[in-house]
Amino acid sequence: MAGAVGGLISLPAWATGWTPETVRSSRKILSGSQTDMLANMVETIIPTTDTTTAAGPGAKALNVHLFVQKMVTDCYDKPAQENFRKGLDSLDGLAQTAFSKPFAEGDAAQRTALLTQLAQSTDKGRKDFYSLVKNLTIRGYMSSEYVMTNLTHYQFIPGHYYGCVPVKTKTLSQPK
Amino acid sequence: MSYLNIDAQALNTYDAIVIGSGISGGWAAKELIGKGLRTLVLERGRDVRHVTDYPTTNMQPWEFEHRNQLKREVRDANPIISKCYAFYEGTEQFFVKDAEHPYIQEKPFDWIRGYQVGGKSLMWARQTQRWSDFDFDGPARDGFAVDWPIRYADIAPWYSYVERFAGISGNKDGLATLPDGEFLPPHEWNCVEKHFQQKIAGRYKDRHVIMGRAAHLTQPQPVHYQQGRAQCQHRTICERGCPFGGYFSSNSTTIPWAAKTGKMTLRPNSVVHSIIYDEKKGRATGVRVIDTHTKQMQEYYARIIFLNAAALNSNLVLLNSTSTRFPNGLGNDSGVLGKYAAFHNYRAGVSGEYDGDLDSTTDGRRPNSPYIPRFRNVEKQEMGFLRGYAAGFSAGRVSRSDQNGVGADLKESLLNPKLGGWYVGSHMMGETIPKESNFLALDSSLKDPFGIPQLKISIAYDDNDDKMVKDYQEQLTEMFTEAGFKNIRVRDSHASPGLDIHEMGGVRMGKDPKTSMLNKWNQLHAVKNVFVTDGACMTSTSTQNPSLTYMAMTARSADYAVKAMKKGLV
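Residues numbered from 1 in each chain as written. Chains lettered and ligands numbered in written order. Predicted model: local features only at pLDDT ≥ 70, side-chain atom pairs only at ≥ 80, totals over all residues.

(A) Region of the structure containing the overall build of chain A. Helix and strand content of chain A: eight helices and one strand. When its helices and strands are written in sequence order, chain A yields α-α-α-α-α-α-α-α-β. Per-residue burial over chain A gives 37% buried out of 176 residues. Within chain A, contacts between residues at least 6 apart in sequence are counted, and of these 66% link residues at least 24 apart. (Helix = DSSP H or I, 4+ residues; strand = E, 2+ residues; numbered from the N terminus. Buried ≥ 20, exposed ≤ 12 C-beta atoms within 10 Å, placed from the backbone. Contact = placed C-beta atoms within 7 Å.)

Structure, rendered in structure tokens:
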């Protein structure tokens, strides 16, 4: 389980466990272009990086956008789904206003600024849309096989419980 | 034709029939079969074989499509079962869906059920605390229900017997309120739990914080290896079924043990409609079973019958077993069948934080937590409410990351979380008082999918429960304060009865046939070859998680039943 923090090159090792087939929803509530927009949005929230201590694939490469879509489709009610679609459809218009390009064509700073603006929106629908996608993106990324295996070192079978250990040996928290 | 009938009858005749394969039914099967009886075990649900029928047991978190969240359609279709903490994407297959077995809530009651071989022993919380005489003495001392026909000395050897076989971890604490058992090594404490224990010991003579006794193999013994079980691996996903057999379940332990004798016939998909009473013989002769696939009714016969359908369904079976002799349900001369049902009050909790011990944390996971035995009204009645409560307690730390913003900074923050301070939490487990007004009955018109009358459940909290919630909140707040915990918050979920999954009574034990259903051997006063040893038999509830007591009662009762059978008494 030692840190194979290899970035995109190590893709085949984790991609086998979590393929588009396993995360694709049986029902589709997004069109192709909405799905692409969602992919760009989750990648903006958690981008592929190579310069920080958190180097590695971003949310899009880990198919988190498919996870987000599946969750909204299967676990959320109709109004939330409606607001989700509406939010995705609004991004290009907001991008044109903000930086005169479609959302996907903005640079990272422009896209990030736009999402930050959504987060601070006084429009409840926009704010809810942002929170929904952001929270599910974080959840999908942190619970992806790649992150749990290579970065947070999830132990499926701890085999023990030690009650009092010095703090420094502690790794990340361990969801079930 | 008559020959055929005789053949069919012979084919369907056993020495014993056990109705139900859950925690007590599994024990009844093992014990009766261990004493040489050819036994038919009837289970209304499907077969669930150890390991092979645990489909999610080896699934990694990312392999769950919805990360263990319930789908909307599952939640919408199952408002009752969706309230259960153990019901999630990885365990859906082990819980009864709301529509599968409808019932009537005269008062709100969340009936949580597991219809499969193993019953709820697959998904139980595995806490196994003994009763003491402070519990068995309760009704007589405090003047409610009826006096228990047994005392601790009657059941103590049977606790030891089942503990050794099941594998119970715990520490010998020497407490009169919670007698020690045959323990495997206890689970570890963390620093803050230890701190709390010491603070409480220093402040209160009569309050103790101990490690919970739990049905986990912390150090398997030869008998556990013989069962094919291995050491608990601390995965803490027990409710999905454990391939190691790290915790006790019927599936991992009693049922396979009984099966290997060759004397057990396990018949899943068999809903018991009623017990057959022979007016001439003055005894029960068998059971009527509806096959869930064919919907056909079939009769099976035996010398003795153990009813272990789980508390409420055992009531249902007896209520539905009517005859000229027993028009109001089998063995119901007293009229108390279905009455004096009770449960455990799990409504309240207390949480807080602790600023100390920040250089320490925990490593791994623990399928158990510390336990605070009852300290109210123990030696004598002293509060403005009857009886008392036990409490769970635990402490832990979790890593948290700043989730503000988006982009590379967010990613950096997510992957470099900071270990938070200690949180502490407790939940109450209150004794409730069995009352005639808390009852179970059959509906006169509504039927379940098998044509059996639906069970009407009329169970509610009372003023005693409310007072106890308040006292628990006050006392735990005081104890948390004593330990230096901060930001102490109390809650009262007002959850309906049922979610505790400790429903009990309705077929209570007692000395007097005029006021009880069962004698001291869990034997129907009026029908000596029928034994009820699941939660239905409970005269009072005390505060302890009840499964261990059901196991011990069952083994004790089966021992008596076989002896009585050999003497021709049943």
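(B) Seen up close, the pairing of strand β9 (residues 283–291) of chain B. Residue and element names in this part refer to chain B. Relative to β9, strand β8 (residues 270–278) runs antiparallel, the two sharing eight bridges. By the bridge assignment for β9, Val 271 is matched with Ile 290. Taken together, β8 and the strand that follows it, β9, pair antiparallel across an intervening segment of four residues, in which Gly 282 is found at a positive phi of about 70°. Where β9 lies against strand β10 (residues 297–307), five bridges are found, and the strand directions are antiparallel. (Pairing = 2+ DSSP bridges.)

(C) Quick look at unusual backbone geometry. Residues and elements named next belong to chain B. With a phi close to 70°, Arg 126 is a non-glycine residue in the positive phi region. With respect to the helices and strands, Arg 126 occurs in the loop between β3 (104–105) and α4 (133–136). Taking the C-beta count within 10 Å as the criterion, Arg 126 has 26 such neighbours and is therefore assigned buried. Despite not being glycine, His 234 has its phi angle at roughly 60°, a positive value. Relative to the assigned elements, His 234 resides in the loop between α8 (222–226) and α9 (250–259). Residue classification places His 234 among the buried residues on the basis of 20 C-beta atoms within 10 Å.

(D) Quick look at the interface of chain B and chain A. On the chain A side, the residues contacting the 42 residues of chain B number 48 residues. Counting residues per element, the ones that place at least two in the side of chain B that touches chain A are β14 (360–364), β16 (389–400) and α11 (408–415) of chain B. Among the elements that make up the side of chain B that touches chain A, the one with the highest residue count is α11 of chain B (six residues). Across the side of chain B that touches chain A, the residue classes tally to 13 nonpolar, 17 polar and twelve charged. In terms of strand pairing, strand β1 (residues 161–166) of chain A meets β14 of chain B through four bridges, oriented antiparallel. Residue pairing across strands places Pro 166 of chain A opposite Ser 360 of chain B, the latter belonging to β14 of chain B. (Nonpolar A, V, L, I, M, F, W, Y, C, P; charged D, E, K, R; others polar.)

(E) Highlighting the sheet that holds strand β19 (residues 453–458) of chain B. Residue and element names in this part refer to chain B. Spatial strand order, β3-β19-β18: three strands in an open sheet with mixed pairing. The open sheet has two free edges, formed respectively by β3 and β18 (439–447), since each of these has just one partner strand. Most of the contacts of helix α10 (residues 311–319) go to β18, to which it runs at about 60°, and overall it touches β18 and β19. (Axes fitted to C-alpha atoms, helices over the stretch in contact; angles between N-to-C directions.)

(F) Looking closely at the packing of helix α3 (residues 32–45) of chain A against helix α7 (residues 124–142) of chain A. All names here are of chain A. α7 packs onto α3 with a crossing angle of 70° between their chain directions and a minimal axis gap of 10 Å. By the angle class used here, α3 and α7 are roughly perpendicular. In this structure, the crossing between α3 and α7 has a hand that is right-handed. Judged by residue contacts, Met 41, Val 42 and Ile 45 of α3 engage Val 133, Lys 134 and Thr 137 from α7. Among the residues making up the contact of α3 with α7, the classes are represented as four nonpolar, one polar and one charged. (Parallel < 35°, antiparallel > 145°, perpendicular 65-115°, else oblique. Left-handed = near helix turned anticlockwise from the far one by under 90°.)

(G) Local environment of the nonpolar core. Counting 121 residues, the largest nonpolar core has Ile 17, Val 18, Ile 19 and Ile 305 of chain B as the members making the most contacts within it. Take this core: its biggest share by element is nine residues, from helix α13 (residues 547–566) of chain B. Look past the residues within four positions of Ile 19 of chain B in its chain and what remains in contact with it is Gly 25, Leu 42, Val 272, Val 287, Ile 305, Phe 306, Leu 307, Asn 308, Ala 309 and Val 317 of chain B. If you look at the next biggest cluster of nonpolar residues, it comprises 42 residues, including Leu 30, Ile 45, Tyr 146 and Tyr 154 of chain A. (Core = buried A, V, L, I, M, F, W, Y, C linked by C-beta atoms within 7 Å.)

(H) Quick look at the environment of Met 509 of chain B. Residue and element names in this part refer to chain B. Relative to the elements of secondary structure, Met 509 occurs in the loop between β21 (504–506) and β22 (530–532). Judged by C-beta crowding, with 27 C-beta atoms within 10 Å, Met 509 ranks as buried. For Met 509 and Trp 521, which are twelve residues apart along the polypeptide, the C-alpha to C-alpha distance reads 8.6 Å. Sequence-distant contacts of Met 509, defined by excluding residues within four places in its chain, comprise Trp 148, Pro 149, Ser 516, Leu 518, Asn 519, Lys 520, Asn 522, Cys 537 and Thr 539.

(I) Spatial organisation of the packing of helix α4 (residues 64–75) of chain A against α7 of chain A. All names here are of chain A. At a closest axis distance of 9 Å, the pairing of α4 and α7 adopts a crossing angle of 120°. One element, α4, and the other, α7, form an angle in the oblique class. In this structure, α4 crosses over α7, and the sense of that crossing is right-handed. Side by side, α4 and α7 meet where Val 64, Phe 67, Val 68 and Met 71 of the first sit next to Val 133, Leu 136, Thr 137, Gly 140 and Tyr 141 of the second. In terms of residue class, the contact of α4 with α7 is made up of seven nonpolar, two polar and no charged.

(J) Helix α2 (residues 23–34) of chain B, seen in detail. All names here are of chain B. Compared with an ideal rise of 1.5 Å per residue, which puts twelve residues at 16 Å, α2 spans 17 Å between its outermost C-alpha atoms and is within 8% of the ideal. Most of α2 is tucked away: eleven of the twelve residues are buried. Along α2, the positions that sit buried rather than exposed are Ile 23, Ser 24, Gly 25, Gly 26, Trp 27, Ala 28, Ala 29, Lys 30, Glu 31, Leu 32 and Ile 33. Phi turns positive one or two residues past the end of α2, at Gly 36, with a value near 95°. (Expected span 1.5 Å × (residues − 1).)

(K) Highlighting the environment of His 216 of chain B. Residue and element names in this part refer to chain B. As for its position among the elements, His 216 is in the loop between β6 (210–211) and α8. Judged by C-beta crowding, with 29 C-beta atoms within 10 Å, His 216 ranks as buried. Sequence spacing of His 216 and Ser 169 is 47 residues, and the spatial spacing of their C-alpha atoms is 5.9 Å. Excluding residues that lie within four positions of it along the chain, His 216 makes contacts with Arg 126, Ser 169, Cys 232, Gly 246, Tyr 247, Pro 367 and Asn 368.

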